[in-house]
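# Inside the fold
This is what each chain is made of:
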Amino acid sequence: MVWEVVRARAHDKRVRNVQTELSRKDLVIAQTPFHILCGHDDIITCLFISVELDIVISGSKDGTCIFHTLREGRYVRSLRHPSGHLLSKLVASRHGHIVFYAEDDLSLHLYSINGKHLASSESNGRLNWIKLSRCGEFLVCAGDHGQIVVRSMRNLDVVKRYVGAGKMITSLAVTPEQCFLAGTKDGHILVYSIENPQLRRAGASRNKTRGSGPL
């Protein structure tokens, strides 16, 4: 379901059970869904939404990835994992590239937003997190192997590996300050700075056009 967040007063007929904190900010959720999107035959396991691309992408235990438009709720297309495995995680870049990850076979698959298969790669370990860099050109992966691996969003090639403390990484954040923050299973937080020239060049290029860093 897609819900619309609207600017309204607490007494507005379109809203219900409005918390005092939200009513003070005049930001509330509409009473009925904006869209109800259908199409999967099993549990939805991952979701990506982009206002910029006007797209909602959902992955499911049925092995499919379904695209709908965000504004109209219109069905666009479906993709299926090459082996039919359930989809565990997915991300999409502003450039129109989509990556989904399947935990059953530890594989990453890269597609264009038009549904063209571009590349596949083994993840070499179970991934708990996949994130995009701010520039959208790199995929940041972390999981049980205790490393942070940066891949190209053009072909999934490994650009850089950051060796961790040998602990399972259970959470990951990519910051505007060109750093990775990784939380480990034993309660530590690891901080990595960007050392790869390719990543920095991408950030410098984006900085000239948008005035911000790459991550």
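In this report, we go over the structure that sits alongside the text. The structure presented is a predicted model; accordingly, all values stated were derived computationally and were not measured.

Criteria and thresholds
Residues numbered from 1 in each chain as written. Predicted model: local features only at pLDDT ≥ 70, side-chain atom pairs only at ≥ 80, totals over all residues. Heavy atoms only, no water. Salt bridge = Lys/Arg side-chain N within 4 Å of Asp/Glu carboxyl O. Buried < 20%, exposed > 50% of the residue type's maximum accessible area, 1.4 Å probe, protein only. Helix = DSSP H or I, 4+ residues; strand = E, 2+ residues; numbered from the N terminus. Pairing = 2+ DSSP bridges. Axes fitted to C-alpha atoms, helices over the stretch in contact; angles between N-to-C directions. Phe/Tyr/Trp six-rings, centres within 6.5 Å; stacked < 30°, edge-to-face > 60°. Lys NZ or Arg CZ within 6 Å of the ring centre and 35° of its normal. 1 Å grid on protein atoms, 1.4 Å probe; cavity = no way out; pocket = protein on both sides within 12 Å on 5 of 7 lines; lining within 4 Å. Points joined across faces, edges and corners; volume = space filled by probe spheres on them. Nonpolar A, V, L, I, M, F, W, Y, C, P; charged D, E, K, R; others polar.

### Section: the pattern of salt bridges
All told, the structure shown has 5 salt bridges when counted by the stated rule. With a shortest N-O distance of 3.7 Å, Glu-72 and Arg-74 are connected by a salt bridge. On the basis of relative accessibility, which here comes to 57%, the residue Glu-72 falls in the exposed class. Assessed through its relative accessible area of 46%, Arg-74 is described here as partly exposed. With its nearest N and O atoms 3.0 Å apart, the salt bridge here joins Arg-126 to Asp-144. Of this pair, Arg-126 sits in the loop between β10 (117–122) and β11 (127–132) while Asp-144 is found in the loop between β12 (138–143) and β13 (147–152), placing the two residues 18 residues apart along the sequence. For Asp-144, a relative accessible area of 30% corresponds to the partly exposed category. Taken together, the salt bridges that share partners define one network made up of Glu-103, Arg-126 and Asp-144.

### What to know about the sheet that holds strand β3 (residues 44–50)
Pairing is antiparallel in the open sheet, where 4 strands are placed in the order β3-β4-β5-β6. For this open sheet the edge positions go to β3 and β6 (75–80), each flanked by a neighbour on one side alone. With strand direction ignored, the average angle separating the axes of adjacent strands in the sheet is 15°. In this sheet, β6 lies alongside strand β5 (residues 64–69) in antiparallel orientation, the contact comprising 5 bridges. By the bridge assignment, Cys-65 is partnered in β6 with Leu-79.

### Considering the packing of aromatic side chains
All chains considered together, the criterion is met by 3 aromatic pairs. Arranged with centres 5.8 Å apart and planes meeting at 75°, the rings of Tyr-162 and Tyr-192 form a pair that is edge-to-face. Here the residue Tyr-162 occupies a position in strand β14 (residues 158–163), and Tyr-192 occupies one in strand β17 (residues 189–193), the gap between them amounting to 30 residues. A network of ring pairs unites the aromatic residues Tyr-162, Phe-180 and Tyr-192 as a single cluster. Above the plane of the ring of Tyr-162 lies Lys-160, whose end atom (NZ or CZ) is 5.8 Å from the centre.

### Description of empty space enclosed by the protein
Counted by the stated rule, this structure contains 1 cavity of 30 Å³ or more. There is about 40 Å³ of room inside the largest cavity. Every residue along the wall of the largest cavity is listed here: Ser-123, Leu-127, Cys-141, His-145, Val-149 and Arg-151. Classifying every residue of the lining of the largest cavity gives 3 nonpolar, 2 polar and 1 charged.

### Looking at the sheet that holds β13
Sheets are built from strands paired through backbone hydrogen bonds, the pairs being either parallel or antiparallel. The 4 strands lie next to each other as β11-β12-β13-β14, forming an open sheet whose pairing is antiparallel. Two strands in the sheet have a free side with no partner beyond their single neighbour: β11 and β14. The mean angle between the axes of side-by-side strands here comes to 20°, regardless of whether they run parallel or antiparallel. With 5 bridges connecting them, β11 and β12 associate as antiparallel partners. Counterpart to Trp-129 in the pairing with β12 is Ala-142.

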